[in-house]
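# Examination of the molecular architecture
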Amino acid sequence: MKCIISINQYADFIKSTDAKKQRIIRDQKKPNKFRIAYYQLAKARIRKTLTNNGQLKHINDALSNLSSRVPKNKRQISDRHVSIEALEKFLRLKIPKVLEQENIEFLNSKLYKNDIDIHGVSIIVAPEIIFKVIIDGKEVLGGLKLHVSKSNSFDKEQQQVIASGICHYLEKNVAQDKQIVLPEFCISLDIFGNGFITNSSAKKDIIESYKKECLEIIKIWDAA
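Overview of the structure. Within any chain, residue numbers begin from 1 and follow the written order of that chain's sequence. Only residues with pLDDT of at least 70 are given local features in this predicted model, and only at 80 or more are side-chain atom pairs given and counted; all residues enter the totals for whole chains, interfaces and linings. The basis for every side-chain value is the complete set of non-hydrogen atoms in the structure, without hydrogens or water.

## Examining the nonpolar core
Side chains of nonpolar character tend, in soluble globular proteins, to be buried together. Residue types Ala, Val, Leu, Ile, Met, Phe, Trp, Tyr and Cys, when buried and joined through side-chain atoms within 4.5 Å, form a set referred to as a nonpolar core. Only protein chains enter the accessibility calculation, which uses a 1.4 Å probe; a residue whose area is less than 20% of its type maximum is buried, one above 50% is exposed, and one in between is partly exposed. Ranked by size, the top nonpolar core spans 34 residues in total, and within it Ile5, Tyr10, Ile25, Ile123, Leu170, Ile207 and Ile217 carry the most contacts. Runs of E in the DSSP output that reach at least two residues are strands. Runs of H or I that reach at least four are helices, and both are numbered from the N terminus. Every element with two or more residues in this core is listed here: α1 (7–13), α2 (18–29), β3 (115–118), β4 (121–124), α6 (156–174), β7 (180–190) and α7 (211–223). The element contributing the most residues to this core is α6, with seven residues. Beyond its immediate chain neighbours, meaning those up to four positions away, Ile123 contacts Ile5, Ser6, Ile7, Tyr10, Asn114, Asp115, Ile116, Ile118 and Ile207. Core analysis: the next-biggest nonpolar cluster, separate from the first, contains 31 residues, Leu63, Phe131, Leu189 and Phe192 among them. Contacts are residue-level and defined by heavy atoms, with any inter-residue pair within 4.5 Å sufficient.

Below you can see the structure in the form of structure tokens.
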């Protein structure tokens, strides 16, 4: 069975304790089919805002919706509270100018293979947003990966790893003919972390610099 891990979990793995590394790989290899996804409304409205010229109406509507909800258990109380906090934090962030360009075109991520191979590990990137803009007559691609976790936010290095993964993903799975992937348009958005972090030419290949960790992932996967 091929070793598969999501890019957010990959970024988490490289900074985790040995015990947490074991748990991450176990959960990736044998995911809980009944696990409840958190903060779905907040994530959806953030994505909608970013793909609609930064229109904050979607965020304000979500805040009104969440404020009127009556949670029935501890999970719903926590989900509501963190979702509201995440949306309020998003309102204070400065949206990258490229996402507000008039000529931006958003691509359907479902049309592309969602993973890349790094040192024998299949890393699922699956950006929430893939976009194309025209710069100096050339088609330029970019993408964004969203992370919302109050208890497990990423540091700058982890977000750079994710941005680097997006860059590799776009080059290998999306770019065609003379299309260009601009590292500065490869964006990690961590609401409770450092907000928007973009890739750069200097950090473009940082995702490949963790060969030891990749070998460790494969070793733990095979033993799980």
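## Quick look at the side chain of Ser83
Along the chain, Ser83 falls in helix α5 (residues 74–91). Polar contact is defined as a pair of N or O atoms within 3.5 Å, subject to the rule that within protein one atom must be able to donate a hydrogen and the other to accept it, and that residues adjacent in sequence are counted only when both atoms are side-chain atoms. At 2.7 Å, the side chain of Ser83 forms a polar contact with the backbone oxygen of Asp79. If near-sequence neighbours (up to four positions away) are discounted, Ser83 is found in contact with Tyr39, Ala42 and Leu66.

## Points about the sheet that holds strand β6 (residues 138–147)
With mixed pairing, the five strands of this open sheet are ordered in space as β2-β5-β6-β7-β8. The open sheet terminates on both sides in strands that have one partner only, identified here as β2 (105–107) and β8 (195–198). Strand-to-strand twist across the sheet, computed as the mean angle between neighbouring axes with direction ignored, equals 25°. One requirement defines pairing of two strands: DSSP has to find at least two bridges between them. With three bridges connecting them, β2 and strand β5 (residues 129–135) associate as antiparallel partners. Its bridge partner lying in β5, Leu107 is registered against Ile130. All axes here are fitted lines through C-alpha atoms, helices being fitted over the stretch that makes contact, and every angle between N-to-C directions spans 0 to 180 degrees. Helix-sheet contacts for helix α3 (residues 40–50) involve β2, β5, β6, β7 and β8, and the interaxial angle to β6 is about 160°.

## Examining the sheet that holds strand β1 (residues 4–6)
Pairing within the open sheet is mixed, and its three strands lie in the order β1-β4-β3. The sheet is open, and its two borders are formed by β1 and β3, each paired with just one other strand. Strand-to-strand twist in this sheet, taken as the mean axis angle between neighbours without regard to direction, amounts to 30°. Where β3 lies against β4, four bridges are found, and the strand directions are antiparallel. Looking at β4, one finds that Ile116 is bridged to Ile123.

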